[in-house]
Every structure is written in C-alpha cells, then in structure tokens.
Amino acid sequence: MKLYIFSFLLLEPYTQQLSTTLMWDSFVNENTEIKLPNFHALIEYFGSWNSMKQLKNLPVHPSNRPTVYSKEDII
C-alpha cells in the first residue's frame, strides 16, 4: 500500500474536481502521472468525503441515503 501524505496544498490545484467522489476518481484515473490519492484514501484520512469538503470550505451536498425511521418515530 502506498503511503500518501495529505495536505490541503496537495489538493488545492484540483478543488474543482473534488465535487463528487465519482468526479474525483475519474480525474485521478485520467491523470495517473500526477499521483493523487483515490477517493477511498481521502475518506480514510478525513473520516468522510463531506468532512474533507467542509475542511476545504467546499459546498457539501446532502446525503442521498433515505432517512431511517424507528417504530417509535412512525407511531
């Protein structure tokens, strides 16, 4: 496993590509000469994709996951 040293300076030139995980990984795969981490590595380092975006002051899109309700919530 490669060891990546993450910093905001590393990601700074590529802020526009950090919109979504799909967009980021497409960019990384198309630009292999740059040696950037994939989105899994960024999530592991920052805890979540949205955490990374918040730290970089990028807009965070709400989760597409449906809300899970308990029986008590429904009753």
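Note that this is a predicted model, so its numbers are computed, not measured. (Residues numbered from 1 in each chain as written. Predicted model: local features only at pLDDT ≥ 70, side-chain atom pairs only at ≥ 80, totals over all residues. Heavy atoms only, no water.)

Q: Before we go on, may I ask you to explain the pattern of salt bridges in this structure?
A: Side-chain pairing between opposite charges can occur once the charged atoms of the two side chains come close. Enumeration according to the criterion identifies one salt bridge in this entry. Its salt-bridge partner being glutamate 12, residue lysine 56 comes within 3.1 Å of it at the nearest N-O pair. One end of the pair, lysine 56, is in the loop between helix H4 (49-55) and helix H5 (71-74); the other, glutamate 12, is in the loop between helix H1 (8-11) and helix H2 (21-30), and 44 residues separate them in sequence. Look at lysine 56 and you get buried, because its relative accessible area is 13%. (Salt bridge = Lys/Arg side-chain N within 4 Å of Asp/Glu carboxyl O. Helix = DSSP H or I, 4+ residues; strand = E, 2+ residues; numbered from the N terminus. Buried < 20%, exposed > 50% of the residue type's maximum accessible area, 1.4 Å probe, protein only.)

Q: What is the right way to read the side chain of asparagine 31 from this model?
A: The topology assignment puts asparagine 31 in the loop between H2 and helix H3 (39-46). Within the structure, the side chain of asparagine 31 is placed 2.7 Å from the backbone oxygen of phenylalanine 27, a separation counted as a polar contact. (Polar contact = N/O pair within 3.5 Å; in protein donor to acceptor, adjacent residues only side chain to side chain.)

Q: Looking at this structure, how should I read the environment of valine 60?
A: Residue placement: valine 60 occurs in the loop between H4 and H5. As for valine 60 and threonine 20, which are separated by 40 residues in sequence, their C-alpha atoms are 9.6 Å apart. Other than its neighbours up to four places away in sequence, valine 60 contacts Asn50, Lys53 and Gln54. (Contact = heavy atoms within 4.5 Å.)

Q: So what exactly am I meant to see when it comes to H2 here?
A: In an α-helix, one turn spans 3.6 residues; hence positions three or four apart end up facing the same way. When we look at burial in H2, the residues that qualify are Trp24, Asp25, Phe27 and Val28. Mapping the buried residues of H2 onto a view down its axis gives an arc of 160°, with all of them on the same face. Exposed residues lying more than 90 degrees from the buried face of H2 are Leu22, Asn29 and Glu30. (Arc of directions from axis to C-beta.)

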